[in-house]
Amino acid sequence: MLRPMAKDDRQPVLELIRATGFFNEAEIQVATELIDIYLNNPDQRDYHIVVVEDESGNVAGYMTYGPTPLTEGTWDLYWIAVSPGAQGKGYGRQLVNWLEDRVRESGGRLILIETSSQPKYLPTRKFYEKLGYAEIARIPDFYRPEDDRVIFGKYFRSKE
Ligand SMILES: CC(C)(COP(=O)(O)OP(=O)(O)OC[C@H]1O[C@@H](n2cnc3c(N)ncnc32)[C@H](O)[C@@H]1OP(=O)(O)O)[C@@H](O)C(=O)NCCC(=O)NCCS
């Protein structure tokens, strides 16, 4: 089941982000800030967060996304993470498919996802490629020397 994140999900979501072992403290802090903006400001429209539950009702994954400011029909997938024990079972695909449906419904044209070129992110890049995303831009040495910012994107046909 996929649903909007609620206040009670805060702890489980932060735990799963940490449990992935993928993110450093600064990244976890940014993820937490976005979660708190979302949970504490019901009127804001920049960040949306959904969680996916496993068959026992536990939070298996989460995703933060939103319309990219100052664009027409471009959306950013800011964060996605699936709990290590739940990876490889289709939850990540479910989250991204759900976002694509929302983007299409709203007449969106493009979803962008930023990631790092570090070898540790190779599985993540394979995951995006499997879902039909292609590398459309790269900024060499962006995060640090020899760590590029890699931008994956997927275009959607606009409704005529
Ligand atoms: C990346 C991540 C969100 C994927 O979620 P997931 O639930 O494990 O992925 P799914 O089970 O939905 O996989 C979807 C497809 O991607 C493929 N895929 C997933 N991980 C893969 C990997 N390591 N290598 C190759 N393909 C992979 C799957 O085979 C699947 O294809 P299929 O349905 O044809 O079999 C999850 O592994 C994760 O949280 N990783 C750590 C955090 C992270 O990297 N977040 C993104 C930060 S930029």
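Predicted, not measured: the structure shown is a model, and the values here were computed from it. (Residues numbered from 1 in each chain as written. Predicted model: local features only at pLDDT ≥ 70, side-chain atom pairs only at ≥ 80, totals over all residues. Heavy atoms only, no water.)

(A) Just the nonpolar core, in detail. The biggest cluster of nonpolar side chains holds 23 residues, and the ones touching the most others in it are Met63, Leu77, Leu99, Ile111, Ile113 and Tyr133. Going through the elements one at a time, β2 (48-53), β3 (59-67), β4 (74-82), α3 (91-105), β5 (110-116) and β7 (147-155) are the ones with two or more residues in this core. Per-element accounting of this core gives the leading share, five residues, to α3. With sequence-adjacent residues up to four places away left out, Leu77 is seen in contact with Met63, Thr64, Tyr65, Val96, Leu99, Ile111, Leu112 and Ile113. Leu16, Ile17, Leu34 and Val51 belong to the second largest nonpolar core, which has 19 residues in total. (Core = buried A, V, L, I, M, F, W, Y, C linked by side-chain atoms within 4.5 Å. Buried < 20%, exposed > 50% of the residue type's maximum accessible area, 1.4 Å probe, protein only. Helix = DSSP H or I, 4+ residues; strand = E, 2+ residues; numbered from the N terminus. Contact = heavy atoms within 4.5 Å.)

(B) The side chain of Thr124, seen in detail. Tracing the chain through its elements places Thr124 in helix α4 (residues 122-130). Apart from the residues lying within four places of it in its own chain, the contact partners of Thr124 are Phe22 and Thr115.

(C) Quick look at α3. For α3, which comprises 15 residues, the first-to-last C-alpha distance of 21 Å matches the rise-based estimate of 21 Å (1.5 Å per residue) to within 8%. For α3, the set of buried residues is Tyr91, Gly92, Leu95, Val96, Leu99, Glu100 and Val103. Two residues or fewer past α3, Gly107 is found with a positive phi of approximately 80°. (Expected span 1.5 Å × (residues − 1).)

(D) Layout of the pairing of strand β6 (residues 134-144). Sheet topology note: the β6/β7 ladder contains six bridges and is antiparallel. Bridging across to β7, Ile139 finds its partner in Arg149. (Pairing = 2+ DSSP bridges.)

(E) Molecular detail of the site of the ligand. Taken together, 20 residues lie near the ligand, and Ile80, Val82, Gly90, Arg93 and Thr124 sit nearest. Taking Val82, its main chain carries an N or O atom lying 2.7 Å from an oxygen atom of the ligand. Protein burial of the ligand: of its 930 Å² of free accessible surface, 74% is covered by the chains. Among the cavities detected, the one that contains the ligand is the largest pocket. The element that contributes the greatest number of residues to the shell around the ligand is α4, accounting for six residues. (Near = heavy atom within 4 Å. Polar contact = N/O pair within 3.5 Å; in protein donor to acceptor, adjacent residues only side chain to side chain. Areas by Shrake-Rupley, 256 points an atom, 1.4 Å probe, with all protein chains shown as cover. 1 Å grid on protein atoms, 1.4 Å probe; cavity = no way out; pocket = protein on both sides within 12 Å on 5 of 7 lines; lining within 4 Å. Sits in = over half its atoms within 2 Å of the grid points.)

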